[in-house]
Amino acid sequence: MTDHTTDDTTDDTTGRVTDHMTDELPGRYGDFDHDAAVQEAAALDTVLPYALLVGQEELRTALEIAYVCPAVGGVLATGQRGTAKTTTVRAFTKMAVGGLPVTMPIGATDDRVLGGWRIKELMRGRPRKSDGLLVQASRSKARMLYVDEINLLDDYLVNIILDAASTGILALERDHRSEQTQHVEFTLVGTMNPDEGGLRPQLLDRFGLVATVESESQARQRRRIVETVLRFEAERGDPASEFMAEALRLDAEKRAELDAARLRLADVTCGPEVYEGCAALAEGFRLAGHRGEIVLLRAARALAAIENDRQVTGRHLRQVAKPALVHRRGRGDTGTLPVWSEEDDTLVQELLSDSRD
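What you are looking at is a predicted structure, and each value in this text was computed from that prediction instead of being measured.

Rules used in this analysis
Residues numbered from 1 in each chain as written. Predicted model: local features only at pLDDT ≥ 70, side-chain atom pairs only at ≥ 80, totals over all residues. Heavy atoms only, no water. pLDDT = per-residue confidence, 0-100. Helix = DSSP H or I, 4+ residues; strand = E, 2+ residues; numbered from the N terminus. Contact = heavy atoms within 4.5 Å. Salt bridge = Lys/Arg side-chain N within 4 Å of Asp/Glu carboxyl O. Buried < 20%, exposed > 50% of the residue type's maximum accessible area, 1.4 Å probe, protein only. Pairing = 2+ DSSP bridges. Axes fitted to C-alpha atoms, helices over the stretch in contact; angles between N-to-C directions. Parallel < 35°, antiparallel > 145°, perpendicular 65-115°, else oblique. Left-handed = near helix turned anticlockwise from the far one by under 90°. Nonpolar A, V, L, I, M, F, W, Y, C, P; charged D, E, K, R; others polar. Expected span 1.5 Å × (residues − 1).

### Quick look at the confidence of the model for the chain
On average, the chain scores 85 in pLDDT, and the residues at 70 or more come to 82%. The element-level mean pLDDT for the chain is lowest in strand 1 (residues 5-6), coming to 41, with helix 10 (residues 242-264) highest at 98. Note on residues 1-31: pLDDT is under 50 here. Beyond four places in sequence and across chains, it has 78 contacts.

Laid out in structure tokens, this is it:
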């Protein structure tokens, strides 16, 4: 039997929300926690501004699409270690909402994820429940749960997390008892290193978009990364830094653009050729089920809203085809992601040849 208790003094690393850290807004989800607010403010100061990221276009586009249209269903970033996956996610949430995502520690237990009892209160005879990470993510500024190395998490926990993220409902049964259903609303962002194992295809399919993250290969880009990081570390605490002021100005502009895109999303229309294009891609790539074409359409609409286009076209579908389909193509039950090839790009072009740009 699992002991569903949580030590409310646990302190996680930067970006992780501990059990005693309630939301920053007083009166909405709990009392204002001054210490937690100070900790988050200090952590935010160490996060690179979104405008200073070098490369990462595929992951950045996926995160922006998921922000504009959360119904897309979350983002999985796959790439080798040291490719700035975590840096990109944190920079994005800092830019978009001025906060950090709730981060699941590696090796988190089910009571840490789903909730349990505060152990100190329980030992004093004053039983008090502690929210799990899913509820904390739903109540956080970012409305995001970030799971690093999600492929190393137990499959049953991954399934619960994905189900809660997609349905907005957290229904638990523990120790043969049904617990009160909770409504949760968050975007799931996971990362994985494919060298350390994969996810079962059934779990991969639950992610809306998959972004492949690779190291920059060109010396010029690598130099930019080094120069940017060192300059950021040297000037981040300098109120007179023009370098930091410009980066923060660009972040504010990007946030305004994405917020405007969210408002425009409902007005973006799709013609019959767009639906035909989604169906053609699903057939051509031999997708199992129908989630793929639905994600394709939602992602294309979000991209059109971001680009301030009033109608989805074949160009939008082509741009989102890879992140929406790379993990859903017909393949063996291996849990690995086949490399997206030039042949795949050619197939997308052929299947959407009749779509209007």
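Moving on from the coordinates now.
### Side note on the environment of Leu-296
Following the sequence through the fold, Leu-296 ends up in helix 12 (residues 291-306). Between the C-alpha atom of Leu-296 and that of Tyr-275, which follows or precedes it by 21 residues, the distance is 9.7 Å. Non-local contacts of Leu-296, meaning those with residues more than four positions away in its chain, are made with Cys-278, Leu-281, Leu-317, Val-320, Ala-321, Ala-324 and Leu-325.

### Brief notes about the pattern of salt bridges
Applying the stated rule across the entire model yields 17 salt bridges. Close ionic contact of Arg-291 with Asp-205 constitutes a salt bridge, the shortest N to O distance being 2.5 Å. Of this pair, Arg-291 sits in helix 12 while Asp-205 sits in the loop between helix 8 (201-204) and strand 12 (209-212), and the two are 86 residues apart along the sequence. Relative accessible area serves as the criterion here: at 17%, Asp-205 is assigned to the buried category. In this structure, Glu-253 and Arg-249 form a salt bridge, with 2.4 Å as the shortest nitrogen-oxygen distance. In this pair, Glu-253 and Arg-249 are both assigned in helix 10, four residues apart and thus about one turn of the helix distant. On the basis of relative accessible area, Arg-249 is assigned to the partly exposed category, the value being 38%.

### Some remarks on unusual backbone geometry
Phi at Arg-143 is positive, roughly 50 degrees, even though this residue is not glycine. If you trace the backbone, Arg-143 turns up in the loop between helix 6 (133-139) and strand 6 (144-147). Within the chain, Asn-308 stands out as a residue other than glycine whose phi angle is a positive 60 degrees. Considering the arrangement of structural elements, one finds Asn-308 in the loop between helix 12 and helix 13 (314-325).

### Some remarks on the sheet that holds strand 2 (residues 75-78)
Backbone hydrogen bonds hold the strands of a sheet together, and the pairing may be parallel or antiparallel. Strands sit in the order 3-6-11-2-12 across an open sheet of five strands; the sheet is parallel. Edge positions in the sheet fall to strand 3 (102-104) and strand 12, since each has one partner strand and no second. Strand-to-strand, the axes of this sheet are offset by a mean angle of 20 degrees, without reference to chain direction. Two elements, strand 3 and strand 6, share three bridges in a ladder whose sense is parallel.

### Remarks on the packing of helix 2 (residues 57-68) against helix 3 (residues 85-97)
Relative orientation of the contacting elements helix 2 and helix 3 amounts to 40 degrees, with a least axis distance of 11 Å. Here helix 2 is positioned oblique relative to helix 3, judged by the angle of their axes. Crossing angle aside, the handedness with which helix 2 passes helix 3 is right-handed. Contacts between helix 2 and helix 3 involve Leu-59, Arg-60, Leu-63, Glu-64 and Tyr-67 from the former and Lys-85, Thr-88, Val-89, Phe-92, Ala-96 and Val-97 from the latter. Class assignment for the residues of the contact of helix 2 with helix 3 results in seven nonpolar, one polar and three charged.

### What to know about helix 3
Its 13 residues give helix 3 an end-to-end C-alpha distance of 18 Å, which sits within 8% of 18 Å, the value for a rise of 1.5 Å per residue. For helix 3, the complete set of buried residues consists of Lys-85, Thr-88, Val-89, Arg-90, Ala-91, Phe-92, Thr-93, Lys-94, Met-95, Ala-96 and Val-97. Just downstream of helix 3 lies Gly-98, where phi reads positive at about 70 degrees.

### Focus on the pairing of strand 11 (residues 187-192)
With six of its six residues buried, strand 11 lies for the most part within the structure. Side-chain alternation along strand 11 places Thr-187, Val-189 and Thr-191 on one buried face and Leu-188, Gly-190 and Met-192 on a second face that is also buried. The sheet contact formed by strand 2 and strand 11 spans four bridges and is parallel. Note that in strand 11 the partner of Thr-78 across the bridge is Met-192. Across four bridges, the pairing between strand 6 and strand 11 is parallel. Bridge pairing in strand 11 links Leu-145 to Leu-188.

### Let's talk about helix 10
The end-to-end C-alpha distance of helix 10 is 33 Å, a good match for the 33 Å that 23 residues give at a rise of 1.5 Å each. The set of residues buried in helix 10 consists of Phe-243, Met-244, Ala-247, Asp-251, Leu-258 and Ala-261. Elements that come into contact with the buried residues of helix 10 comprise helix 2, helix 3, helix 9 (219-235) and helix 12.

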